[in-house]
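Fold and contact review
Listed below are the residues making up each chain.
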Amino acid sequence: MEIKGTAVKTTPEFVRERFGDRFQEWIELLPDSSRLIIEQPIYATSWYSLMDSVIVPTQKVGDLFYGGDHTLAAYELGRYSAETALKGIYKIFVRVSSPHFVLSRASSIFSAYYQPADVRVVETTDKKAVLQFSKFSVEEQLIMHRIAGWIEKTLEITLKSALQVDVENRENGTELVTRIVAEWN
């Protein structure tokens, strides 16, 4: 799986902002394949290996700053990503939109950020939406928690508090099919 550079930039920005004095320590924990990506200019429109550019760096964030909890690290990175992406005019737009509209647009955005991903809204009710992600590999499932954090923060920005955002992973050999269920009040 590949990911757009715009999403890759979030991880080093997060580490610099939240743990600035330990940024270099985090960089030094990265394997060469990840460090090369992070230390070079990251181009918003370029495509990068999801494992090397996001999954492994997220794991190292978890190791260094969250007591080894990779899921929590991914979740916090997702929340941060939504917070930084949805500011200014975008924040106003999200606030006046319904959660359904925002999440349906988000599925299109996620499809544009991951290739060859298949992302779609498979269920909606008044206070619930289910997004389904496929064509990811089992080893990439950490990204789903980052997306769940993004969804939760986005719901908060729409002035709806997320009651629950659950990640339901189903493995089929090496392929991963994930449903993220978001409920709000």
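One can find the structure itself at the top, above this paragraph.
Since we're looking at a predicted model, the values are computed, not measured.

1. Focus: the overall build of the chain
Within the chain, the secondary structure is distributed over nine helices and seven strands. Relative to its length of 185 residues, the chain is compact, with a C-alpha radius of gyration of 16 Å against a globular reference of 16 Å. Considering only C-alpha atoms, the chain reaches an extent of 45 × 40 × 35 Å along its principal axes. Counting only residues that meet the buried cut, the chain has 47% of its 185 residues in that class. Sequence separation of at least 24 residues holds for 67% of the intrachain contacts in the chain that already meet a minimum separation of 6. Carbon together with sulfur atoms contributes 48% to the accessible area of the chain, which is approximately 8,900 Å² in total. In the chain, 21 side chains carry a positive charge and 25 a negative one; their mean positions are 7 Å apart.

2. A few points about the side chain of Thr 178
Its place among the elements puts Thr 178 in strand E7 (residues 175-184). Sequence-distant contacts of Thr 178, that is, excluding residues within four places in its chain, are made with Leu 131, Gln 132, Phe 133, Met 144, Val 167, Glu 168 and Asn 169.

Conventions and cut-offs
- Residues numbered from 1 in each chain as written.
- Predicted model: local features only at pLDDT ≥ 70, side-chain atom pairs only at ≥ 80, totals over all residues.
- Heavy atoms only, no water.
- Helix = DSSP H or I, 4+ residues; strand = E, 2+ residues; numbered from the N terminus.
- Rg over C-alpha atoms; globule rule 2.2 N^0.38 Å.
- Buried < 20%, exposed > 50% of the residue type's maximum accessible area, 1.4 Å probe, protein only.
- Contact = heavy atoms within 4.5 Å.
- Areas by Shrake-Rupley, 256 points an atom, 1.4 Å probe, with all protein chains shown as cover.
- Lys, Arg positive; Asp, Glu negative; His and termini not counted.
- Charge placed at Lys NZ, Arg CZ, Asp CG, Glu CD.

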